[in-house]
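Coordinate analysis (summary)
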Amino acid sequence: MDDELALQSGASVLGSIGDIFINADGYKKSISSPGAGNYITMAKAAQLGKVLFGQKALNNSVVYAHGTGTPQNRVTESHILSYVANAFNLSGWSVSAVKSYVGHSLAAASGDQLMVALGMWQHGLIPGIQSANKIADDVYTENLHILTQDVEINRQDVSFAILNSKGFGGNNASAVIISPDATLQMLKSKHGSTAVSQWKDKNIRVQQNSDDYETKYCRGKISPVYIFGKDVINSEDISIKESVIKLKNQKIPLQTTHQYAQYTAKKTMPEA
């Protein structure tokens, strides 16, 4: 949500989005395979992290890779990460991949990455890639630290993480996710200490309400809400006339004029 709304509502601050960089590969060969676009998005993401928090924070950042582990992906993505790390003078850039736990959830894969990143700061732990005995020989590892075991961290030491998503024949995306501590410091700088202090008071109640709801739900005191057929628009609810469509209580006007109508030859029926 908007940062000002978060402060006003007392919402728990789990982190924030610095930016999301998207770039298509452009010209492709006949076979669908990762291309140049992901180099661009990763470089932009790394540069943004450095601009916001400095070189040391970039060194301490974590990349949650697309990480499908296929021969096509692991070679190309590891080269991208290694190449970008070298360009930014990084040594031992931490890399993990949640697909080693949950597989490829397709459209929701980036959501999986985001939850793991937020969980890293909440629990102080980076989950390592433990689904393989060793890193494949064709994986590029220069300037990278591909984590094969869980790593405990001090959440204040990691200001941001980068989520990477590679598109086979489509768009690539790299997102900069800022830690909750760094986000709160930015909110304090932007809105002032008083606003953040008032937010903390509101957030106490929000967290208590959240904990109470979760406890009741887990104990079966709150049932799932299942609504069937509410507000469904059926064919008998639709009325169409030449100038308007009616859907229950809603009216949708149909266009009766157009800027190009004057240039078209209107067809007329011959006289009887």
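Our subject is the structure listed above.
These notes cover the structure that comes with them. (Residues numbered from 1 in each chain as written. Predicted model: local features only at pLDDT ≥ 70, side-chain atom pairs only at ≥ 80, totals over all residues. Heavy atoms only, no water.)

Notes on the overall build of the chain
Quick note on the threshold: Numbered from the N terminus, helices here are DSSP runs of H or I no shorter than four residues, and strands are runs of E no shorter than two. C-alpha atoms define the radius of gyration in this analysis, and the globule rule sets the expected value at 2.2 Å times the number of residues to the power 0.38. Whether a residue is buried, partly exposed or exposed follows from its accessible area with a 1.4 Å probe, protein chains only, as a fraction of its type maximum: under 20%, in between, or over 50%, in that order. Any two residues whose heavy atoms approach within 4.5 Å at even a single point are treated as in contact. In this description, accessible areas are obtained by the Shrake-Rupley approach with a 1.4 Å probe, and a residue is regarded as covered only by the protein chains that are shown. By the counting scheme adopted, Arg and Lys are positive, Glu and Asp are negative, and His together with the chain ends is not counted. Taken as the charge location is NZ of Lys, CZ of Arg, CG of Asp or CD of Glu.
Looking only at helices and strands, the chain features 8 helices and 11 strands. Its C-alpha atoms give the chain a radius of gyration of 26 Å, clearly above 19 Å, the size a compact globule of 272 residues would have. Along the first, second and third principal axes, the C-alpha set of the chain runs to 85 × 55 × 40 Å. Looking at the chain as a whole, 32% of its 272 residues qualify as buried. A fraction of 70% describes how many contacts in the chain between residues 6 or more apart in sequence connect residues 24 or more apart. Total accessible area on the chain stands at roughly 17,600 Å², and carbon and sulfur atoms take up 53% of it. Computed over 25 positive and 23 negative side-chain charges, the separation of the two mean positions in the chain equals 4 Å.

Considerations on the environment of asparagine 60
In this structure, asparagine 60 sits in helix 3 (residues 55-60). Exposure remark for asparagine 60: the relative accessible area of 34% places this residue in the partly exposed category. Between the C-alpha atoms of asparagine 60 and tryptophan 121, which are 61 residues apart in sequence, the distance is 13 Å.

Considerations on the pairing of strand 3 (residues 93-96)
Our working rule: Strand pairing is defined by DSSP finding a minimum of two bridges between the two strands. Convention used here: a crossover is right-handed provided that the path from the first strand, over the helix, to the second strand proceeds clockwise when the strands point away from the viewer.
The alternating pattern of strand 3 places Trp93 and Val95 on one face and Ser94 and Ser96 on the opposite face, and all of these are buried. As paired elements, strand 2 (residues 62-64) and strand 3 share 3 bridges and run parallel to each other. Across the sheet, the residue bridging to valine 63 is valine 95, located in strand 3. In this region the chain leaves strand 2, passes through helix 4 (residues 71-87) and returns to the parallel neighbour strand 3; the handedness of that crossover is right-handed. Sheet analysis places strand 3 next to strand 5 (residues 144-146), joined by 3 bridges and oriented parallel. Looking at strand 5, one finds that serine 94 is bridged to histidine 145.

Quick notes on the sheet that holds strand 9 (residues 238-240)
In plain terms, the rule: Interaxial angle, 0 to 180 degrees, is taken between N-to-C directions of lines fitted to C-alpha atoms, where a helix line uses only the stretch in contact.
Strands sit in the order 9-10-11 across an open sheet of 3 strands; the sheet is antiparallel. Edge positions in the sheet fall to strand 9 and strand 11 (250-253), since each of these pairs with one other strand and no more. Along the sheet, successive strands turn relative to each other by an average axial angle of 15 degrees, direction set aside. Of the strand pairs in this sheet, strand 10 (residues 244-247) and strand 11 are connected by 4 bridges, and their pairing is antiparallel. By the bridge assignment for strand 11, leucine 247 is matched with glutamine 250.

Let's talk about helix 4
Defined as follows: Multiplying one less than the number of residues by 1.5 Å gives the expected span of a helix.
Here helix 4 spans 24 Å end to end across 17 residues, near enough to the 24 Å set by a 1.5 Å rise per residue. Of all the residues in helix 4, the buried ones are Asn73, Glu77, Ser78, Ile80, Leu81, Ser82, Val84 and Ala85. Just past helix 4, the residue asparagine 89 takes up positive phi, approximately 55 degrees.

Focus: the sheet that holds strand 5
A sheet is described by the order of its strands in space; here 6 strands give the open sequence 1-8-7-2-3-5, paired in mixed fashion. One side of each edge strand has no neighbouring strand; the edge strands of this open sheet are strand 1 (16-24) and strand 5. With direction set aside, neighbouring strand axes in the sheet form an average angle of 20 degrees. Relative to strand 7 (residues 160-165), helix 6 (residues 109-123) is tilted by about 165 degrees, and along the sheet it contacts strand 2, strand 7 and strand 8 (171-178).

Things to note about the packing of aromatic side chains
What counts here: In this analysis, rings of Phe, Tyr and Trp, with Trp reduced to its six-membered ring, are considered paired at centre separations within 6.5 Å, and the interplanar angle assigns stacked below 30 degrees, edge-to-face beyond 60, and tilted for intermediate values.
Enumeration according to the criterion identifies 3 aromatic pairs in this entry. Here tyrosine 39 and tyrosine 83 contribute two aromatic rings whose centre-to-centre distance is 6.0 Å and whose plane-to-plane angle is 85 degrees, an arrangement assigned as edge-to-face. Pair noted here: tyrosine 39 is in helix 2 (residues 37-53) and tyrosine 83 is in helix 4, with a separation of 44 residues, a long-range link. An angle of 20 degrees between the planes, with centres 5.9 Å apart, marks the rings of phenylalanine 53 and phenylalanine 160 as stacked.

Some thoughts on the nonpolar core
Definition in use: For the purposes of this section, nonpolar cores are sets of buried Ala, Val, Leu, Ile, Met, Phe, Trp, Tyr and Cys residues that join through side-chain atoms within 4.5 Å.
Residues Met42 and Trp93 are the most contacted members of the largest nonpolar core, which totals 25 residues. Contributing elements (two or more residues each) for this core: helix 2, helix 3, helix 4, strand 3, strand 5 and strand 7. Of all hydrophobic cores here, the second largest spans 14 residues; its members include Val116, Leu147, Ala161 and Leu163.

A look at the pattern of salt bridges
Inclusion rule: A pairing counts as a salt bridge when a side-chain nitrogen of Lys or Arg comes within 4 Å of a carboxyl oxygen of Asp or Glu.
Scanning the entire structure with this criterion turns up 4 salt bridges. A salt bridge links arginine 74 to aspartate 138, with the nearest nitrogen and oxygen atoms 2.9 Å apart. Pair noted here: arginine 74 is in helix 4 and aspartate 138 is in the loop between strand 4 (125-126) and strand 5, with a separation of 64 residues, a long-range link. Overall, the relative accessible area of 26% leaves arginine 74 in the partly exposed class.

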